[in-house]
Amino acid sequence: MCWMCDDPSRTRADLRAWQVATIAEHGWLLQFVEADDRQPSLVYTVGLTAFGKAELVASGLTVADGADLNDVAAGYLSGEIRAGDTVMVGRHQYRLVPDHDTSGLYTAIDLYGRHIRALGLRRRRR
């Protein structure tokens, strides 16, 4: 369920205030979009743009595996992880590659504008 669906008294303004506060406290947040009949799940960071970094985005992850993106974001922000590196998320390896289609990163666009950058996690085949 979505944040506002869980409590119908919450408004878009409440959601944005929560997002801004979470980013201020932690540096970023993870936005998870559930899969539907047409597309897989999507999880992406929101907040790395404020550090001059690209947001990280992955599709097809479970919520549990998506949470591993926090570790990748921390390593990326500290410089331990860079574009082109291979990272573990869940039980799979992913390579960080430039992702030029940021149109689906609605929360990041809402907070930072359309000129955000993204690094996609592409699953490495063994």
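Structure: above.
Residues numbered from 1 in each chain as written. Predicted model: local features only at pLDDT ≥ 70, side-chain atom pairs only at ≥ 80, totals over all residues. Heavy atoms only, no water.

1. Let's talk about the pairing of strand β6 (residues 118-123)
Strand residues, when the strand is regular, have side chains that alternate between the two faces of the sheet.
Thinking step 1. Of the strand pairs in this sheet, strand β3 (residues 55-59) and β6 are connected by 3 bridges, and their pairing is parallel. Bridging from a neighbouring strand, Val57 pairs with Gly120 of β6. (Pairing = 2+ DSSP bridges. Helix = DSSP H or I, 4+ residues; strand = E, 2+ residues; numbered from the N terminus.)

2. Concerning helix α4 (residues 69-78)
Thinking step 1. Turning to α4, its buried residues number three or more, namely Leu69, Val72, Ala73, Gly75 and Tyr76. End-on view of α4: buried residues confined to an arc of 165 degrees, all on one side of the axis.
Thinking step 2. For α4, the secondary structure elements touched by its buried residues are β1 (29-33), β2 (42-46), β3, α3 (63-67), β4 (86-89) and β6.
Thinking step 3. Directly after α4, the chain includes Gly79, whose backbone phi takes a positive value near 95 degrees. (Buried < 20%, exposed > 50% of the residue type's maximum accessible area, 1.4 Å probe, protein only. Arc of directions from axis to C-beta. Contact = heavy atoms within 4.5 Å.)

3. What about the side chain of Thr45?
Thinking step 1. Its location among the elements puts Thr45 in strand β2.
Thinking step 2. Looking at Thr45, its side chain comes within polar contact range of the main-chain nitrogen of Leu56, at 2.8 Å. (Polar contact = N/O pair within 3.5 Å; in protein donor to acceptor, adjacent residues only side chain to side chain.)

4. Focus on the environment of Arg38
Thinking step 1. Here Arg38 is to be found in the loop between β1 and β2.
Thinking step 2. Judged by its relative accessible area of 72%, Arg38 is exposed.
Thinking step 3. Between the C-alpha atom of Arg38 and that of Gly60, which follows or precedes it by 22 residues, the distance is 12 Å.

5. As for the sheet that holds β6
By way of backbone hydrogen bonds, the strands of a sheet pair with one another, either parallel or antiparallel.
Thinking step 1. Taken together, the 6 strands give an open sheet; going across it, the order is β1-β2-β3-β6-β5-β4, and neighbouring strands pair in mixed fashion. Edge strands, defined here as strands with exactly one partner in the open sheet, are β1 and β4. Ignoring strand direction, the axes of neighbouring strands in this sheet form an average angle of 30 degrees.
Thinking step 2. Judged from the 6 bridges that link them, strand β5 (residues 92-99) and β6 form a sheet pairing that is antiparallel. Note on β6: the bridge partner recorded for Arg95 is Arg122.
Thinking step 3. Contacts from helix α2 (residues 12-26) reach β1 and β2 within the one sheet, and its direction differs from that of β1 by about 135 degrees. (Axes fitted to C-alpha atoms, helices over the stretch in contact; angles between N-to-C directions.)

6. Remarks on α2
Thinking step 1. With 15 residues, α2 ought to run about 21 Å at 1.5 Å a step, and its terminal C-alpha atoms sit 21 Å apart, in line with that.
Thinking step 2. Taken as a whole, α2 has its buried residues at Leu15, Gln19, Thr22 and Ile23. Down the axis of α2, the buried set is contained in an arc of 95 degrees. They therefore lie on one face. Of the residues in α2, the exposed ones pointing more than 90 degrees away from the buried face are Ala13, Ala24 and Glu25. (Expected span 1.5 Å × (residues − 1).)

7. Brief notes about the pairing of β5
Thinking step 1. Pairing between β4 and β5: 4 bridges, direction antiparallel. Bridge pairing in β5 links Val87 to Tyr94.
Thinking step 2. Hairpin geometry of β4 and β5 is characterised by an intervening segment of 2 residues between the two adjacent antiparallel strands and by a positive phi of about 65 degrees at Gly90.

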